[in-house]
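What follows is the residue order along each chain.
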Amino acid sequence: MKRRNFLRAAVVGAGVTAFGNRLSGAALAAPAQNGPSPYGALQAADSNGIQLPTGFTSRVIARSGQQVANTGYTWHSAPDGGAVFADGSGWIYVSNSEITPGGGASAVKFDASGNITGAHRVLANTRQNCAGGKTPWNTWLSCEEIDLGFVYECQPNGPATAAVQRPAMGKFKHEAAAADPVRKVVYLTEDTSDGCFYRFVPTTWGDLSAGTLQVLKAGTATSGSFTWANVPDPDGSPTATRNQVSGAKRFNGGEGLHYANDTAWFTTKGDNRVWQLNLTNSTYELAYDDSLVSPGSAPLTGVDNVTGTSSGDLYVAEDGGNMEICIITPNDIVAPFLRINGQSSSEICGPAFTPAGNRLYFSSQRGTSGSSSGGITYEVTGPFRS
């Protein structure tokens, strides 16, 4: 069988769609394919160099090394993973800094009209803070992308001294985190070419100071069933966490991670894939694979950070490719949502929506300069699907 047809058969056998996680008696979908964006074609670049669909606009909210609006606060270098938190009638966008030494994370505060009202540090003096994740109790988990790296739990309103190291969540090359309030666990990706996928089971939900680190076990195929096994030594020394459990499934460069509706989606940059874990029946499969796109060339390459909306759409940022954020719809269509021009030496990081779902924040980590000191953080406003 051709690879794509084999995968389609495997997905049908698993009893779920490749993306929507909906049971059906009909033939089920293969990994996402080229198609028209629900927002239409990209228009000419705006004054910020961003191509957007009709009805959408962009603005720059922060630049590395420069003051954020009139706050007096200097924005960090190499902005990376981020999340948005409600803050009274306004909101806060938290963003990591992927530099060593220094690292950490900063935040920008907005009022109900989207005006910038403040900026501040939420984490300081850490290393290579790449992605992370938001918890249901409204803290930010900032992950160190280094060997024996830590997860830090931060308060969006700061101060940086309120951040707490969470060693029970394991010491490894952390990338992203996503909380599952149904199973009361936090999922974690690992950014190495032979990395694993983990979950942390807190002793008490809402308290990440103690618990059990587990690793996903499965076969080598691109779809099938999985189980969890305890990691004997979360400290990862002398034996790395990924090498402690026989049968732990390997993933080629774990990156972004998003949880919704009993499903976890995560990306692997080494093979340009988006994976889907169906948590109600403990199966996994591909939601996207650039080598399976047909007809035409794959629109999404260099898969990295990922977020989702209440409509069921996934937004996947590119590290490389042609500097796009692409959308994957619940009916398995993949298409560009936006493109940044003139920044080919950068990557897009930290996509996150406001609680109302009408504003999207993200960063170009190295901007037009190609240097970590040239990062740019943007806001896009428009008629996003609800």
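Thresholds, definitions, all that
- Residues numbered from 1 in each chain as written.
- Predicted model: local features only at pLDDT ≥ 70, side-chain atom pairs only at ≥ 80, totals over all residues.
- Heavy atoms only, no water.
- pLDDT = per-residue confidence, 0-100.
- Contact = heavy atoms within 4.5 Å.
- Pairing = 2+ DSSP bridges.
- Helix = DSSP H or I, 4+ residues; strand = E, 2+ residues; numbered from the N terminus.
- Axes fitted to C-alpha atoms, helices over the stretch in contact; angles between N-to-C directions.
- Buried < 20%, exposed > 50% of the residue type's maximum accessible area, 1.4 Å probe, protein only.

A. Quick look at the confidence of the model for the protein chain. Mean pLDDT for the protein chain: 93, with 92% of residues reaching 70 or above. Across residues 1-29, where pLDDT falls below 50, the model places 67 contacts with residues more than four positions away in sequence or in other chains.

B. Examining the sheet that holds strand S27 (residues 359-364) more closely. With respect to topology, 4 strands assemble into an open sheet ordered S3-S28-S27-S26, the strand pairing being antiparallel. Unpaired on one side and paired on the other, strand S3 (57-63) and strand S26 (348-353) mark the two borders of the sheet. Taking the axes of each pair of neighbouring strands and ignoring which way they run, one obtains an average angle of 20° across the sheet. In terms of strand pairing, S26 meets S27 through 4 bridges, oriented antiparallel.

C. Focus on unusual backbone geometry. In the segment running from glycine 158 into proline 159, the intervening peptide bond is cis, with an omega of 0°. Structurally, proline 159 can be placed in the loop between strand S10 (151-154) and strand S11 (164-165). In the segment running from serine 294 into proline 295, the intervening peptide bond is cis, with an omega of -5°. Examined against the element boundaries, proline 295 turns out to sit in the loop between strand S21 (283-289) and strand S22 (303-308). At asparagine 125, a residue that is not glycine, the phi angle is positive and equals roughly 60°. Summarising the element assignment, asparagine 125 is placed in the loop between strand S7 (116-123) and strand S8 (129-134). Judged by relative accessible area, asparagine 125 falls into the exposed class, the value being 74%. Unusually for a residue other than glycine, aspartate 332 sits at a positive phi of about 70°. Looking at aspartate 332, the relative accessible area reads 9%, which means it is buried.

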